[in-house]
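Structure at a glance
The chain contents come next:
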Amino acid sequence: MVAYVTRVPAGFVGLVTRFDSITVQPEVVDSSTPPTAFGSFVKLVSGKVQPLASGDAGSVVYGVLVNPYPHQSTTNGLGTAATPPTSGLLSIMKRGFIAVKLVVGTAAKNGAVYVVTTAGGSVVVGDIVTSTSPAGGGTAVAVTGAVFMGPADANGIVELAYNI
């Protein structure tokens, strides 16, 4: 049996953490450039969802890709690395609280959220970090309306608020 000495895990990447103030809407995925990870910021291009690209500004962020219910299946086990579908509809959180993977940095309550837009070293475009110059390399831009809700857990999972 697992014993939690200081804190339980913060959640699973891409899962909504609070349901009292949330706006999630379906959007069509751009099958030529689909997002590759739940819990990542996405943009809308010609009415279709795409992942952020190198050089994008923080203002292009349209929302956060949500791992929809059910959270487990034969192809997407609970807590495993899940892959979003490459066609059809995706659930995009426009407002609310969600668990994401913090790649570099130490999150603090009400701290600014940054997303990598120029890859370098250990970070790739789309990674969530805590500064414009992440320790792993590359550069990042601030995501307007996004803040961390506290520190990350031992697995680097952290809750963030978006447009609250």
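What you see as residue numbers is a count from 1 along each chain, following the sequence as written. With pLDDT at 70 or above as the cut-off, local features in this predicted model cover only qualifying residues; side-chain atom pairs require 80 or more to be listed or tallied, and sums for whole chains, interfaces and linings still use all residues. No hydrogens and no water enter the side-chain calculation; it runs on all heavy atoms of the structure.

1. Considering the overall build of the chain
- Within the chain one finds zero helices and nine strands.
- When the elements of the chain are put in sequence order from the N terminus, they spell out β-β-β-β-β-β-β-β-β.
- The buried share of the chain, reckoned over its 164 residues, is 40%.
- Whether two residues are in contact is decided by their heavy atoms: any pair within 4.5 Å suffices. Taking all contacts inside the chain whose residues are at least 6 apart in sequence as the whole, residues at least 24 apart take part in 64%.
- Here the accessible surface of atoms and residues is derived via Shrake-Rupley with a 1.4 Å probe, and residues count as covered only by protein chains that are part of the display. Counting every atom, the chain has about 8300 Å² of accessible surface; 57% of that belongs to carbon and sulfur. Runs of E in the DSSP output that reach at least two residues are strands. Runs of H or I that reach at least four are helices, and both are numbered from the N terminus. Classification of residues uses two cut-offs on accessible area relative to the type maximum, computed with a 1.4 Å probe and protein chains only: under 20% is buried, over 50% is exposed, and between them is partly exposed.

2. Considering the nonpolar core
- Only buried Ala, Val, Leu, Ile, Met, Phe, Trp, Tyr and Cys residues count toward a nonpolar core, and they belong to the same one when joined by side-chain atoms within 4.5 Å. Counting 20 residues, the largest nonpolar core has Phe-41 and Tyr-162 as the members making the most contacts within it.
- Put simply, the parts of the chain that give this core at least two residues each are strand E4 (63–66), strand E5 (89–104), strand E6 (112–118), strand E8 (139–148) and strand E9 (157–162).
- The next biggest cluster of nonpolar side chains, apart from the first, holds eight residues, and it includes Val-29, Phe-38, Leu-90 and Ile-92.

3. Describing the pairing of strand E3 (residues 48–51)
- By this definition, two strands are paired if DSSP reports at least two bridges between them. As paired strands, strand E2 (residues 41–45) and E3 are joined by four bridges and run antiparallel to one another. Bridging from a neighbouring strand, Val-42 pairs with Pro-51 of E3.
- Linking E2 to E3, which pair antiparallel, is a turn of two residues; within it Ser-46 sits at a positive phi near 50 degrees.

4. Remarks on the packing of aromatic side chains
- Pairing of aromatic side chains here covers Phe, Tyr and the six-membered ring of Trp, requires ring centres within 6.5 Å, and sorts the geometry by plane angle: under 30 degrees stacked, over 60 edge-to-face, intermediate tilted. Taken as a whole and assessed by the stated rule, the structure comprises one aromatic pair.
- Only when the NZ atom of a Lys or the CZ atom of an Arg is both within 6 Å of the ring centre and within 35 degrees of the ring normal do we say a charge sits over the ring. The cationic tip of Arg-18 hangs over the ring face of Phe-97; the distance from NZ or CZ to the ring centre is 4.2 Å.
- A cation over a ring is seen here: Lys-94 above Tyr-62, with NZ or CZ 3.7 Å from the ring centre.

5. Considering the environment of Val-42
- As for its position among the elements, Val-42 is in strand E2.
- The exposure class assigned to Val-42 is buried, which follows from its relative accessible area of 0%.
- Residues Val-42 and Leu-52, 10 residues apart in the sequence, show an inter-C-alpha distance of 5.6 Å.
- Excluding its chain neighbours within four sequence positions, the residues that come into contact with Val-42 are Pro-35, Val-49, Gln-50, Leu-52, Val-60, Val-61, Tyr-62, Gly-63, Leu-65 and Ile-92.

6. Overview of the pattern of salt bridges
- A side-chain nitrogen of Lys or Arg and a carboxyl oxygen of Asp or Glu constitute a salt bridge if their distance falls within 4 Å. This model, assessed by the stated rule, comprises two salt bridges.
- Between Glu-159 and Arg-18 there is a salt bridge, with its nearest N and O atoms 3.0 Å apart. On the criterion of sequence distance, the pair formed by Glu-159 in strand E9 and Arg-18 in strand E1 (residues 16–28) is long-range, its members being 141 residues apart.

What is shown is where atoms sit, not what they do.
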